[in-house]
There are 2 protein chains.
Amino acid sequence: MTQNELSPNPIKLIGLANRSFARIVDGPLRELGFAIGQLPVLVALKKHRALPQAELVRLARVEQSSMAQLLNRMERDGLVRRVPDPNDKRSRLISLTVRAEQQLPKGKAVMDQAGKVALAGFTAADLELLMALLLRMNTNLDQAIDALTGTGANAGPAA
Amino acid sequence: MTQNELSPNPIKLIGLANRSFARIVDGPLRELGFAIGQLPVLVALKKHRALPQAELVRLARVEQSSMAQLLNRMERDGLVRRVPDPNDKRSRLISLTVRAEQQLPKGKAVMDQAGKVALAGFTAADLELLMALLLRMNTNLDQAIDALTGTGANAGPAA
DNA sequence: CCGATATATATAGTCTGCTATATAGAAACA
DNA sequence: TGTTTCTATATAGCAGACTATATATATCGG
């Protein structure tokens, strides 16, 4: 009973779901002047007013260099500003522009709508179960990455 | 009880799992001369001997342009060959090089090992459940994409 | 106060994937 | 047969993510 393909792992389904979701929101977000990777940053900034890059890195769970580039694009597109941090000359505080703040609710609506589409037919229990299973997977993966990178930076507060 | 963040969707967890998995296999695959996106293509070619690009597109579920670029890199790295299809001058048949074929088992082992790590502590039932839930999500997403792209190309044979 | 180490960002280079568009050749059909 | 349409690839240009590395500034230990 050895299955076909590259192991019957859920990884393929996970990758596919991820790409499909991105494709679905891409157009609508683009019309709003947003891109998918920006939403978590925008939401975090809306809630916290102004944050240093390092904090966004923690919230979005991406590498520092990825965030730096993302912010470069967002700044270029007029979504965020970076102002020098008076308390630390290495750092700059990131904040939303008015335009970004005004458009954000529509962007969130796009994401939520796509989320609903993805979960059509799911009961609350189905969803909970899925989240729990994914959480377990992520915990496993985080551990493996911690082992690789040496740092114990992951597995932070349940978020 | 409105939750925090961008909806409590599993999308975040899915994206994170995807990236984490990729990070884990990246190094080992690189040492073998492979990259993560190539594995599905390599496996398909090993099984079918020689295939046109269009078939790989279907198997890997990526856009045609993505596959074309992936194959460009694989050809550049000496993993595949593209020979003119005698029956159709528009097309080229893709096949593995000897080197790729020899290294492939090690690459598969890396993927399988990472899959096991990801699923540590999962019972067979857990895994089945996870796969079933992800499959349902993907079905929903495929439908949404079909609606967008007009074509009814997705939702193919259960695979 | 000074040198060593740590921290906050930035940049270079690469991979994967997408959308949009271009081309060559095959197929249909008038 | 000739023209239109479809099909198989290719290319351009961009987003997002990663690794590796560079830079500037803070902090610590003496």
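Definitions and limits used
Residues numbered from 1 in each chain as written. Chains lettered and ligands numbered in written order. Predicted model: local features only at pLDDT ≥ 70, side-chain atom pairs only at ≥ 80, totals over all residues. Heavy atoms only, no water. Near = heavy atom within 4 Å. Polar contact = N/O pair within 3.5 Å; in protein donor to acceptor, adjacent residues only side chain to side chain. Helix = DSSP H or I, 4+ residues; strand = E, 2+ residues; numbered from the N terminus. Nonpolar A, V, L, I, M, F, W, Y, C, P; charged D, E, K, R; others polar. Domains from an automatic or database assignment. Contact = heavy atoms within 4.5 Å. Buried area = accessible area lost by both parts, 1.4 Å probe. Salt bridge = Lys/Arg side-chain N within 4 Å of Asp/Glu carboxyl O. Buried < 20%, exposed > 50% of the residue type's maximum accessible area, 1.4 Å probe, protein only. Arc of directions from axis to C-beta.

## Considerations on the protein's contact with DNA strand D
Okay, step 1: DNA strand D sits among 29 residues. The nearest are Ser-66 of chain A together with Gln-64, Arg-90, Ser-91 and Arg-92 of chain B.
Okay, step 2: Close to the protein, within 4 Å, the atoms of DNA strand D are drawn from sugar and phosphate at a rate of 63%.
Okay, step 3: Take Arg-76 of chain A: an N or O atom from its side chain is 2.9 Å from a phosphate oxygen of DNA strand D.
Okay, step 4: Ser-91 of chain B places a side-chain nitrogen or oxygen 2.4 Å from a phosphate oxygen of DNA strand D.
Okay, step 5: Listed by contribution, the elements that provide at least two residues to the surface near DNA strand D are helix H4 (64-76) of chain A together with helix H1 (11-32), helix H3 (53-60) and helix H4 (64-76) of chain B.
Okay, step 6: In terms of residue count, the dominant contributor to the surface near DNA strand D is H4 of chain A (six residues).
Okay, step 7: Residues of the surface near DNA strand D, tallied by class, amount to seven nonpolar, ten polar and twelve charged.

## Some details on the domain arrangement of chain A
Residue and element names in this part refer to chain A.
Okay, step 1: Taken as a whole, chain A is organised into domain 1 (11-120) and domain 2 (122-151).
Okay, step 2: Every contact between the two is made by six residues of domain 1 and, on the other side, five residues of domain 2.
Okay, step 3: The junction of domain 1 with domain 2 conceals about 430 Å² of combined surface from both sides, 67% of it contributed by carbon and sulfur atoms.
Okay, step 4: Our count for the domain 1 to domain 2 interface comes out at one salt bridge.
Okay, step 5: Counting every contact that joins domain 1 to domain 2 gives three residue pairs in polar contact (both at pLDDT 80 or more).

## Regarding H3 of chain B
All names here are of chain B.
Okay, step 1: When H3 is considered as a whole, its buried residues turn out to be Gln-53, Leu-56 and Val-57. Seen along its axis, H3 keeps its buried residues to an arc of 105 degrees; they face one direction.
Okay, step 2: Each element contacted by the buried residues of H3 is listed here: helix H2 (39-48), strand E1 (50-52), H4, strand E2 (80-84) and strand E3 (92-96).

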